[in-house]
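Residue-level structure breakdown
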Amino acid sequence: MAKRGLLNRIVGDLSLPDSSSFAKLLDSYIQSKSFLDIRRLHARIIKSHFALETFILNRLIDAYGKCGSVEDARRVFNKMPLRNIFSWNSILTALMELGFVDEATLVFRSMPERDQCSWNSIISGFTRQDRFENALNYFVTMHREDFVLNEFSFGSALNACSGLKDMKIGTQIHALILKTRFFSNVYMGSALVDMYGKCGSVTCSERAFNDMSERNRVSWNSLITCYEQNGPATAALEAFSRMMDCGIEPDELTFASVVSACASLAAIKEGRQIHAHVVKCDNLRHDLVLCNTLVDMYAKCSRINEARCVFDRMPVKNVVSETSMVSGYAKAASVKTARLMFTKMMERNIVSWNALIAGYTQNGEDEEALRLFGLLKRDSVCPTHYTFGNLLNACANLADLQLGRQAHTHVLKHGFRFQSGEESIFVGNSLIDMYMKCGSVEDGDQVFKNMMERDWVSWNAMIVGYAQNGYGNKALELFKNMSASGEKPDHVTMIGVLCACSHAGLVEEGRHYFSSMSREHGLVPLKDHYTCMVDLLGRAGFLIEAKNLIETMPMKADAVVWGSLLGACKIHRDITLGKYVAEKLLEIDPSNSGPYVLLSNMFAELGRWGDVVRIRKLMRKQGVIKQPGCSWIEIQGHVSIFMVKDKKHPRRKEIYSILNTLINQMKRTGISDVGDHEDYKTESEFELALC
C-alpha cells in the first residue's frame with residue numbers, strides 16, 4: 001500500500017524537486033524482484049523531466065540487471081547522453097552477474113576511467129563464472145596499478161585460489177592481507193580457512209582459524225568442511241562440538257558437513273544424534289540438501305531401512321535423493337531393489353548410472369555391470385572416469401582380456417590420454433590393474449609408461465601386478481624406482497614387494513624388506529604382510545622359522561596364514577609340523593575341508609594309507625564335505641566348465657582320454673607326482689561299462 005501511495009503521488013505530481021522518490025521505488029521493486037513494476041516506473045520516468053538524468057538512469061540499469069533483464073539494462077546504458085563512472089560500473093556489474101562475461105570484459109576495457117568498484121566487479125564476476133585464472137590475472141593487475149584492495153577484492157581472489165586449488169598464490173594473497181587493516185576481519189579469516197581447506201592443507205586452515213580474534217558461523221563451517229573433505233573426519237565432529245559449546249547456532253551447511261563426516265566414519269551413533277538435532281529445527285527438518293546427506297549417511301552406515309525412512313518422509317526429492325538410495329541398496333547387496341529404483345527414476349544422471357554399475361561390480365555381478373554400460377551408451381549418456389573405473393574393474397574380475405581391450409578403446413574415444421589430472425590418473429590406474437589381472441603384463445607396462453603423471457596407486461598396481469604374474473625381479477626393480485622418484489610406499493606396496501620376493505625365492509631380500517617396513521618407512525606390518533612372509537619362508541623350506549613368525553604375530557593368526565604354512569608342509573613333506581598346523585586350522589574353522597584334504601594327501605604321498613582312511617572317516621564324522629575343484633575356459637564366446645570327477649560333461653570321453661595320455665607322457669619323462677589319477681581310471685572303466 002505504501003508503494004502504491006508513493007507511485008500515485010509521483011504520477012500525480014509533475015513538479016518533483018528531485019528523482020529520489022523514483023530511486024526509493026526502484027529499491028523496493030528490486031527487493032521484490034518486480035520486473036513489470038520497474039518497467040512501468042521507467043515509462044513514468046521517461047515522461048518526467050528526469051528522463052535524461054544520469055543518477056536515475058544509473059539506478060534503472062542497476063534495477064534491470066538485478067531483475068535479470070540485460071537487454072533493458074543495455075538499452076538504457078546505450079541511450080544515456082551522459083555517463084559517469086557509476087553508469088559504467090552499473091552495466092559492468094549487470095553483465096557480469098547475468099553471465100555475459102566477454103561483453104563485460106569489452107565494457108571494462110572501454111571504460112574511460114576505473115575505480116575500486118570496477119575492478120572488484122570484474123574480479124568477482126570471473127570468479128562466479130568459474131574463470132578463476134582470469135579473476136586472478138585481473139586481481140594482480142589491480143594491485144600492480146596501485147588500486148586499493150579491500151575485503152571484496154581479497155575475498156574474490158581467495159575464492160579463485162580455492163577453485164584452482166592454487167595454494168601458492170593463496171599464500172601470497174594471505175601475506176598481502178596481513179599488511180592491511182583486514183587481517184583481523186572475520187570475513188577475511190573465514191575466506192582464508194576455506195581457501196586452505198579447499199587446497200587440501202589442514203594445517204594452514206587450522207592456523208588461519210586459530211589466528212582469528214573473532215569467529216562466526218561461516219568460520220566454523222569452513223573449518224568443519226575442511227576436516228570433512230581432507231580428514232581426519234573425527235576432527236570435524238570435535239569442531240562441531242566446540243562450535244556448539246561456543247554458542248554458535250549451526251545451519252544446514254554445518255549439519256550437512258558433520259553428517260558427511262559421520263558417513264565417512266560409519267559413525268552411526270553420532271549420525272543419529274545429529275539427525276535428532278536436525279529434527280528439532282523446523283526450518284531444517286525438510287531441507288533437501290540436508291535430507292539427501294542423511295539418506296547418504298544411513299546408506300553408507302549399512303542402515304538401509306533408516307535411509308529409506310528418511311527418503312520416504314522427504315516432501316521433495318530430486319535425482320540426488322534417488323541416487324543415494326540406489327547406491328545404498330547396491331552396497332547392502334540388494335542389487336535387484338537398486339535396479340528397480342533406478343528403473344523408476346524420472347530423471348537420471350551419470351552419477352545414478354555409476355552407482356548401479358558399481359553396485360553390480362561390488363556384488364560380483366560383473367556381466368550385468370557390462371550389460372548396464374551398454375545401456376548407458378545406448379542412451380547417449382557420457383561416461384566419466386568413475387564409469388570407466390568400474391567397467392575396467394568388471395573386466396578384471398572376469399579376467400576377460402578381450403573385453404578389457406574393448407573398454408580401453410572406449411576410454412581413448414572419450415579423450416583420456418593420460419597426460420595429466422586426477423581423472424586421467426584414475427583411469428590409467430584402472431587400466432593397469434585390469435591388464436595385470438588379465439595376465440597381459442606388457443599392456444599394463446605400456447599404459448604405465450604412457451602416463452605423464454602417476455600416483456602411489458599407479459606404482460602399487462604395477463608392483464603387485466608384476467608379483468602376481470611371476471615377475472618378481474621386475475617388481476623389486478620397480479620398487480627401487482618408486483623410492484628413487486620420491487613416492488613413499490604404503491602397506492599395499494609392501495605386500496607386492498614381499499609377494500615378489502616369495503615368487504622369486506629371494507628369502508634374504510624378503511627378510512630385509514619386512515624388517516624395513518617399520519624401520520625405514522614407518523609402516524606397522526599387518527596380517528597380510530605376515531602371511532606373505534610365511535609364504536616366502538615356507539616355499540624356501542624355512543618351516544620352523546615360519547611357524548615361529550606366526551606364533552609371535554602381534555595379532556591372532558587366521559586360517560589364511562596357517563593354511564599357507566600347511567601348504568608349505570605338504571611341499572616339503574613335513575608330516576609332523578603338518579599335523580600341528582592342521583590342528584590349528586581346525587580349531588579356527590572345523591568345517592573347512594582344506595586341512596583334511598592336504599593332510600590326507602601328505603599321508604598318501606608317504607604311503608600311510610591307514611592315516612588317509614582315518615582322515616577321511618573323520619571328515620565324514622564331522623560332516624565336512626570337500627567342494628569339488630572347478631575350472632572354465634571360453635572358446636569363441638562359449639564357456640566350458642570342468643569339475644573334478646565330472647561324469648556329466650558332454651565330451652567327457654575325449655577329456656579323460658587326453659588326460660590319461662598326458663599322465664602317461666609325464667610318467668615317461670620321470671614325473672612321478674601327477675596327482676590323483678585314480679579318478680581318470682575310474683572314468684575310463686565307467687566309459688567301458690557304457691560301451
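Residues numbered from 1 in each chain as written. Predicted model: local features only at pLDDT ≥ 70, side-chain atom pairs only at ≥ 80, totals over all residues. Heavy atoms only, no water.

**Considering the overall build of the protein chain**
The condition that has to hold: Note on conventions: DSSP H or I runs of at least 4 residues are helices, E runs of at least 2 residues are strands, and numbering of each starts at the N terminus. To get the radius of gyration, use the C-alpha atoms; to get the globule rule, take the number of residues to the power 0.38 and multiply by 2.2 Å. In this scheme, a residue with accessible area under 20% of its type's maximum is buried, one over 50% is exposed, and one in between is partly exposed, where area comes from a 1.4 Å probe on protein chains only. We call two residues contacting when some pair of their heavy atoms lies within 4.5 Å. Computed with the Shrake-Rupley method and a 1.4 Å probe, the accessible areas treat only the protein chains shown as cover for residues. The sign given to each residue is positive for Lys and Arg and negative for Asp and Glu; His and the chain ends receive no count. To locate a charge, take NZ of a lysine, CZ of an arginine, CG of an aspartate or CD of a glutamate.
The helix and strand inventory of the protein chain stands at 39 helices and two strands. Taking 26 Å as the expected radius of gyration for a compact globule of 691 residues, we find that the protein chain reaches 35 Å, considerably beyond that expectation. Along the first, second and third principal axes, the C-alpha atoms of the protein chain reach 120 × 60 × 50 Å. In the protein chain, which comprises 691 residues, the proportion classed as buried is 45%. Counted over contacts in the protein chain with a minimum sequence separation of 6, partners at least 24 positions apart contribute 57%. Carbon together with sulfur atoms contributes 53% to the accessible area of the protein chain, which is approximately 36,300 Å² in total. Where the 81 positive side-chain charges of the protein chain centre and where its 78 negative ones centre are 4 Å apart.

**Considerations on the environment of Ser327**
Among the structural elements, Ser327 can be located in helix 20 (residues 319-331). Taking the relative accessible area as the measure of exposure, Ser327 reaches 19% and is therefore buried.

**Details of the packing of helix 20 against helix 22 (residues 350-362)**
Condition: Axis definition: a line fit to C-alpha positions, over the contact stretch in the case of helices; interaxial angles, taken between N-to-C directions, run 0 to 180 degrees. Angle categories are assigned with fixed cut-offs, so that under 35 degrees is roughly parallel, over 145 is roughly antiparallel, 65 to 115 is roughly perpendicular, and the rest are oblique. Lys, Arg, Asp and Glu make up the charged group, whereas Ala, Val, Leu, Ile, Met, Phe, Trp, Tyr, Cys and Pro make up the nonpolar group; the residues left over, Gly among them, are polar.
Between helix 20 and helix 22, the least distance of the axes is 9 Å, while the angle of their chain directions is 5°. Compared by their axis directions, helix 20 and helix 22 come out roughly parallel. Judged by residue contacts, Val319, Thr323, Val326, Ser327, Ala330 and Lys331 of helix 20 engage Val351, Ser352, Ala355, Leu356, Gly359 and Gln362 from helix 22. Class assignment for the residues of the contact of helix 20 with helix 22 results in six nonpolar, five polar and one charged.

**Focus on the nonpolar core**
Within soluble globular proteins, side chains that are nonpolar generally end up buried alongside one another. Where we set the bar: As used here, the term nonpolar core means buried Ala, Val, Leu, Ile, Met, Phe, Trp, Tyr and Cys residues forming a set that is joined through side-chain atoms within 4.5 Å.
Of all hydrophobic cores here, the largest spans 197 residues; its most connected members are Ile173, Met297 and Leu565. Discounting residues that sit within four places of it in the chain, Leu565 has contacts with Val534, Leu543, Ala546, Lys547, Ile550 and Val581.

**Describing the packing of aromatic side chains**
Just so we agree on the cut-off: Pairing of aromatic side chains requires ring centres within 6.5 Å, counting the rings of Phe and Tyr and the six-membered ring of Trp. Pairs whose planes differ by under 30 degrees are stacked, by over 60 edge-to-face, and all others tilted. Think of it as a cone above the ring: NZ of Lys or CZ of Arg counts as a charge over the ring if it is within 6 Å of the ring centre and within 35 degrees of the ring normal.
The tally for this structure, following the rule as stated, stands at 20 aromatic pairs. Aromatic pair Phe240 and Phe255: ring centres 6.0 Å apart, planes at 55°, arrangement tilted. In this pair, Phe240 sits in helix 15 (residues 233-245) while Phe255 sits in helix 16 (residues 252-265), placing the two residues 15 residues apart along the sequence. Classification of Phe255 by relative accessible area gives buried; the value is 1%. Ring-pair connections join several aromatic residues into one group, and the members of that group are Phe108, Trp119, Phe126, Tyr138 and Phe147. Sitting over the ring of Phe100, Arg74 keeps its end group 5.7 Å from the ring centre. Taking the ring centre of Phe77 as reference, the NZ or CZ of Arg83 above it sits at 4.2 Å.

**Topic: the pattern of salt bridges**
Spelled out, the test is: Here, a salt bridge means any side-chain nitrogen of Lys or Arg that lies within 4 Å of a carboxyl oxygen of Asp or Glu.
According to the stated counting rule, one finds 26 salt bridges in the structure shown. For Arg511, the salt bridge goes to Glu508, with nearest N and O atoms at 2.6 Å. Residue Arg511 and its partner Glu508 are both found in helix 31 (residues 507-520); the two are separated by three residues, about one turn of the helix. Taking relative accessible area as the criterion, Arg511 reaches 23% and is therefore assigned partly exposed.

**Brief notes about the environment of Asn89**
In this structure, Asn89 sits in helix 6 (residues 85-97). Measuring from C-alpha to C-alpha, the distance between Asn89 and Met111 comes to 9.0 Å, with 22 residues separating the pair along the chain. Setting aside chain neighbours within four positions, we find Asn89 in contact with Met111, Asp115, Cys117 and Ser118.

**Considering the packing of helix 28 (residues 456-468) against helix 29 (residues 472-484)**
A packed helix pair is summarised by two numbers, namely the angle formed by the two axes and the spacing between the axes. Spelled out, the test is: Note on convention: the crossing is left-handed when the near helix lies turned anticlockwise from the far helix by less than a right angle, right-handed when the turn is clockwise.
Where helix 28 contacts helix 29, the axes come no closer than 7 Å and their chain directions differ by 160°. Overall, the two elements helix 28 and helix 29 adopt an arrangement that is roughly antiparallel. For helix 28 against helix 29, the interelement crossing comes out left-handed. Across the interface between the two elements, Trp459, Asn460, Met462, Ile463, Tyr466 and Ala467 from helix 28 touch Gly472, Lys474, Ala475, Leu478, Phe479, Asn481 and Met482 from helix 29. Class assignment of the residues belonging to the contact of helix 28 with helix 29 gives a composition of nine nonpolar, three polar and one charged.

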